[in-house]
Amino acid sequence: MGYTLAANLDYLSIPYVLLEAGDHIFEDPRAGTIHPPSLELFRDIGLIERLQSEGSVVSSFQYRDRRQGVVAEFDLSTLADETDFPYRLMLEQHKVCRLVHEHLGLTEGHTLRRQHRVVGVSQDGQGVTARAQTPDGEIELRGRYVVGCDGGRSQVRKSMNVDFTGFQYGERFLVLSTPFDFGAFGYARTNYISDPDEWCALFRVPGVEQAGMWRILFPAGPDASEEALFDEAAVQQRIQGFHPKEGPYEIFHRNLYAVHQRVASCYRDGRLLVAGDAAHINNPLGGMGMNFGFHDVFNLADKLRQIYHNGGDDSLLDLYDRQRRTVASEYLQRQTIENKKNIEQKDPQVRQQFYEELRSTASDPVKRKAYLMRAAMIEGYRYSLSIQ
Ligand SMILES: Cc1cc2nc3c(=O)[nH]c(=O)nc-3n(C[C@H](O)[C@H](O)[C@H](O)COP(=O)(O)OP(=O)(O)OC[C@H]3O[C@@H](n4cnc5c(N)ncnc54)[C@H](O)[C@@H]3O)c2cc1C
């Protein structure tokens, strides 16, 4: 989110210093899905062509039962009269970061400092002070505001007078990736696959030189060690159990993630603000966390524009909090918790009922559109802007 906020501040001619703890962009396989409202926002700051040049379009997704096959398929072109981007753009998060970074002006007053780990922030009547550890020792920087885009364990949030309430799931999520082409076996490029014993989600991202890489996300019990979960034989058994084939799968990544559902009790404490995972975290089913963070930073950048260029009152930052935190609780949390509950449903009757609802939703144009407006994050995004 830091790069995306910086790109907005560049665009709006607002000076900043971006402090990044790492010395490079990490390539762990996390987000891969960009939804229509985010694409619209990136278009507005001149970044859409870059994203499209490396991303791949997904115009429909499937909901499946692991044993019975396709339950329903949802065609995103249903949203063609609502957005210029009636699809999901698949593009790995680290590539988004790289492309946004390449777009940054990084001229005087617009600065990125890598290997600067923020260890504390404080504020007074005149501004903020950030302390950061660098290879050359600790430094202090002064500014008008600090925006913590520093992820789920945000140091900035910990320096604010706010809670991060919610819960952690007992299970973790195991992500495997393989170049094996599941598309040749009838899978869409995004699939949610329900099962009472071992649900999974399967989606295709561009991969190396856009040759295609399929990621499979499985639940992993709380007690298994990472070593046992990543063991070659165990990984082969798991993926062969899902889709048997001759010979072993070529596995590119194996990663394990703890999963939480949490929202900060306030996104603003005076001159300190949070956005992205620093403000809210959720399970990845539906591909919403990063997108929601994008919507945060575009919203916040516009408030900062009004303050910096138009003498706007800093109560606009309270509006940022109201708009974004409300939808994080009412949409992001509700929707992602529901997505997980549905995909793992153990009660056969409840599962069948859910499938019936999905089929009827997919075949009824009005219901389908309403469903896709939520799944494509358009409804929540528009609702946030309507909050005063
Ligand atoms: C398996 C998986 C799949 C996912 N799929 C999707 C998806 O398809 N779509 C979607 O929208 N979301 C998805 N998500 C969620 C998405 O990955 C996160 O929401 C996103 O990474 C949040 O970005 P962020 O910049 O807020 O935080 P992070 O990605 O955590 O980045 C934080 C940055 O801050 C830096 N930092 C941390 N602490 C400090 C410090 N003290 N000082 C300076 N710098 C610091 C870090 O180095 C890092 O660069 C997925 C998540 C997982 C685990």
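Our subject is the structure listed above.
The following paragraphs examine the structure supplied in this document. Given the structure is predicted, the values throughout are model-derived calculations rather than measurements. (Residues numbered from 1 in each chain as written. Predicted model: local features only at pLDDT ≥ 70, side-chain atom pairs only at ≥ 80, totals over all residues. Heavy atoms only, no water.)

Attention shifts here to unusual backbone geometry. In the Ramachandran plot, E209 falls in the positive-phi region, its phi being about 50 degrees despite a non-glycine side chain. Inspection of the secondary structure assignment puts E209 in the loop between strand 14 (200-205) and strand 15 (213-220). Its identity as a non-glycine residue notwithstanding, Q210 has a phi of 60 degrees, on the positive side. Mapping Q210 onto the fold places it in the loop between strand 14 and strand 15. (Helix = DSSP H or I, 4+ residues; strand = E, 2+ residues; numbered from the N terminus.)

What follows covers the state of the cysteines. Summed over all chains, the structure comprises 0 disulfides. For the unlinked cysteine C97, the closest cysteine sulfur is that of C149, found at 11 Å. (Disulfide = S-S within 2.5 Å.)

Here we take up the pattern of salt bridges. Under the defined criterion, the tally for this structure stands at 26 salt bridges. As a salt-bridge pair, R30 and D28 come within 3.3 Å of each other at their nearest N and O atoms. Here R131 ties to E138 by a salt bridge, and the two come within 3.0 Å at their closest N and O atoms. Assessed through its relative accessible area of 31%, R131 is described here as partly exposed. When its relative accessible area of 46% is taken as the criterion, E138 is described as partly exposed. One salt-bridge network, held together by shared partners, links R50, E54, R98 and E102. (Salt bridge = Lys/Arg side-chain N within 4 Å of Asp/Glu carboxyl O. Buried < 20%, exposed > 50% of the residue type's maximum accessible area, 1.4 Å probe, protein only.)

The ligand sits among 26 residues. The nearest are M1, E20, R30, Q93 and D277. Between A21 and the ligand, the recorded distance is 3.1 Å, taken from a backbone N or O atom to a nitrogen atom. In this structure, an oxygen atom belonging to the ligand sits 3.1 Å away from a main-chain N or O atom of G32. For the ligand, the protein covers 85% of the area, taking 1,000 Å² as the surface of the free molecule. Looking at the shell around the ligand, the elements that each hand over two or more residues are strand 8 (117-123) and helix 8 (289-310). (Near = heavy atom within 4 Å. Polar contact = N/O pair within 3.5 Å; in protein donor to acceptor, adjacent residues only side chain to side chain. Areas by Shrake-Rupley, 256 points an atom, 1.4 Å probe, with all protein chains shown as cover.)

Turning next to helix 8. Compared with the 32 Å implied by 1.5 Å per residue over 22 residues, the 31 Å span of helix 8 between its first and last C-alpha is a close match. Counting buried positions over the 22 residues of helix 8 gives 16, a clear majority of the element. Of the residues flanking the end of helix 8, it is G311, one or two places downstream, whose phi is positive at about 65 degrees. (Expected span 1.5 Å × (residues − 1).)

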